[in-house]
Amino acid sequence: MIWGVLQFPGSCDERDALHACGQLGEARLVWHEDGELGGGVDGVVVPGGFSYGDYLRAGAIARFSPAMEAVAALAADGGPVLGICNGFQVLCEAGLLPGALLRNEDLRFVHRQVDLLDAEGASLSIPVKHGEGRYWAPDDVLDELERNGRVAYRYAPGQNPNGSARDIAGVANETGNVLGLMPHPEHAVDPLTGSTDGLHIFRRLERVLA
Amino acid sequence: MPRARVLIRPKEGILDPQGKAVERALPALGFDGVEHVRVGRMVELEAEDPERLTELCEKLLANPLIEDFEIESL
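All figures in this text were calculated on a predicted structure; none of them were measured in a lab.

Glancing now at the overall build of chain B. Within chain B one finds two helices and three strands. The order of helices and strands in chain B, counted from the N terminus, is β-α-β-α-β. Scaling as 2.2 N^0.38, a compact globule of 74 residues should have a C-alpha radius of gyration of about 11 Å, whereas chain B reaches 15 Å, well beyond that. Expressed along its principal axes, the backbone C-alpha trace of chain B runs to roughly 45 × 25 × 15 Å. Looking at the 74 residues of chain B, the share that counts as buried comes to 7%.

Dropping the structure here:
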């Protein structure tokens, strides 16, 4: 599988995303001004950082970039798209995922290792680092997400770092090929940094193609 | 060119931690009896076609899922 990793002005996690994707397949950078993902790119990571300075609202400007149009087209075709942190915010702003990410409940930037539970209850140890990660959506949308198994990851009980509704850390689109989450799987792919659980999340997207 | 001011605020019912922080700071400064503080954003602009401001707000200046906006002609 060939991964494209988007780079906006202000992105800062694209290197780790490339490293993570490179462990599973081939990975290349896609510049935000590129209206096409380039030959052979099967899936995309929208990485973390502060795209376009996060001016106005996190992700609000990035969603209008030419590369995001290409990402929307890939997503519509069923291609795997993974939005991490700022990338999750971009996907929500772009309407590819429901809901929004708001300022953390206690206004503090959080950076620590947390345990996530996937829909089957398996636990993953992944770091978070964000100031605007409080997932919010109207109650009827949250109900629908839960009913259809679209809550991909929750913070383990007692570990919700930002006040997210129903402890939600990550959600998927209706067809399951677009996934966004606040925690950073790309920082958890090497025993050196304490966990390799992040690779499970990249593999989940790989399976979209299978 | 016609000038306008856009006021953007978090929707009712959505926790506004910035507003809460301001509210909690006020009594220490002797400002008692202040409640329901909400912190939003204000954008001033000049637009050739003010008719399109609503669309502009919906698409960029505000996120209609979480924010309300008001357009005021100046």
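Next comes the rest of the write-up.
Residues and elements named next belong to chain A. Strand order in this open sheet of nine strands is β2-β1-β3-β4-β11-β10-β9-β6-β7, and the pairing throughout is mixed. Every other strand in the sheet has two partners, leaving β2 (26–31) and β7 (123–130) as the edge strands with one partner each. The sheet shows a mean angle of 25° between the axes of neighbouring strands, taken without regard to direction. Bridge count for strand β6 (residues 110–118) against strand β9 (residues 151–155) is three bridges, and the pairing is antiparallel. Note on β9: the bridge partner recorded for L116 is Y155.

In this section: the packing of helix α1 (residues 14–24) of chain A against helix α5 (residues 198–209) of chain A. All names here are of chain A. Between α1 and α5, the least distance of the axes is 10 Å, while the angle of their chain directions is 65°. The handedness of the crossing between α1 and α5 comes out as right-handed. Residues A20, C21, Q23 and L24 of α1 lie in contact with α5, whose contacting residues are G198, L199, F202, R203 and E206. Class assignment of the residues belonging to the contact of α1 with α5 gives a composition of five nonpolar, two polar and two charged.

This next bit is on the sheet that holds strand β1 (residues 3–10) of chain B. Residues and elements named next belong to chain B. The antiparallel open sheet is built from three strands, whose spatial order is β2-β1-β3. Edge positions in the sheet fall to β2 (41–46) and β3 (67–73), since each has one partner strand and no second. Neighbouring strand axes in the sheet, compared pairwise and without regard to direction, differ in orientation by 20° on average. Here seven bridges tie β1 to β3, and the two strands are oriented antiparallel to one another. Residue pairing for β3: L7 is matched across the bridge by E70. Here helix α2 (residues 53–61) sits on the sheet in contact with β1, β2 and β3, set at roughly 145° to β3.

Moving on to the interface of chain A and chain B. Residue-level contacts link ten residues of chain A with nine residues of chain B. Grouping the constituent residues of the side of chain A that touches chain B by class yields five nonpolar, no polar and five charged.

All names here are of chain B. Burial of β2 is sparse: only zero of the six residues sit out of reach of the surface. Relative to β2, β1 is paired through six bridges, and the arrangement is antiparallel. What sits directly across from R3, in β2, is E46.

Before going further, it helps to spend a moment on the nonpolar core. Residue and element names in this part refer to chain A. Grouped together as the largest cluster of nonpolar side chains are 67 residues, with contacts concentrated most on V5, C21, V44, V45, V71 and L91. Top contributing element to this core by residue count: helix α2 (residues 66–76), with six residues. Beyond its immediate sequence surroundings of up to four residues, V45 is in contact with W3, V5, L6, A17, C21, L82, I84 and G87.

All names here are of chain A. Turning to α5, its buried residues number three or more, namely G198, I201, F202, L205 and V208. For α5, the angular spread of buried residues about the axis comes to 95°, placing them on one side. Turned more than 90 degrees away from the buried face of α5 sit R203 and R207, all of them exposed. Buried-residue contacts for α5 involve α1, β3 (43–46), β4 (81–84), β7 and β11 (178–181).

Turning next to the pairing of β6 of chain A. Here eight bridges tie β6 of chain A to β7 of chain A, and the two strands are oriented antiparallel to one another. Directly across from V110 of chain A, in β7 of chain A, lies its bridge partner H130 of chain A.

Before going further, it helps to spend a moment on the environment of G131 of chain A. Residues and elements named next belong to chain A. Note that G131 resides in the loop between β7 and β8 (134–136). Here G131 falls in the partly exposed class, since 17 other C-beta atoms lie within 10 Å of it. Separated by 27 residues in the primary sequence, G131 and N104 place their C-alpha atoms 5.7 Å from one another. Excluding residues within four positions of it along the chain, G131 makes contact with R103, N104 and F109.

Conventions used here
- Residues numbered from 1 in each chain as written.
- Chains lettered and ligands numbered in written order.
- Predicted model: local features only at pLDDT ≥ 70, side-chain atom pairs only at ≥ 80, totals over all residues.
- Helix = DSSP H or I, 4+ residues; strand = E, 2+ residues; numbered from the N terminus.
- Rg over C-alpha atoms; globule rule 2.2 N^0.38 Å.
- Buried ≥ 20, exposed ≤ 12 C-beta atoms within 10 Å, placed from the backbone.
- Pairing = 2+ DSSP bridges.
- Axes fitted to C-alpha atoms, helices over the stretch in contact; angles between N-to-C directions.
- Left-handed = near helix turned anticlockwise from the far one by under 90°.
- Contact = placed C-beta atoms within 7 Å.
- Nonpolar A, V, L, I, M, F, W, Y, C, P; charged D, E, K, R; others polar.
- Core = buried A, V, L, I, M, F, W, Y, C linked by C-beta atoms within 7 Å.
- Arc of directions from axis to C-beta.

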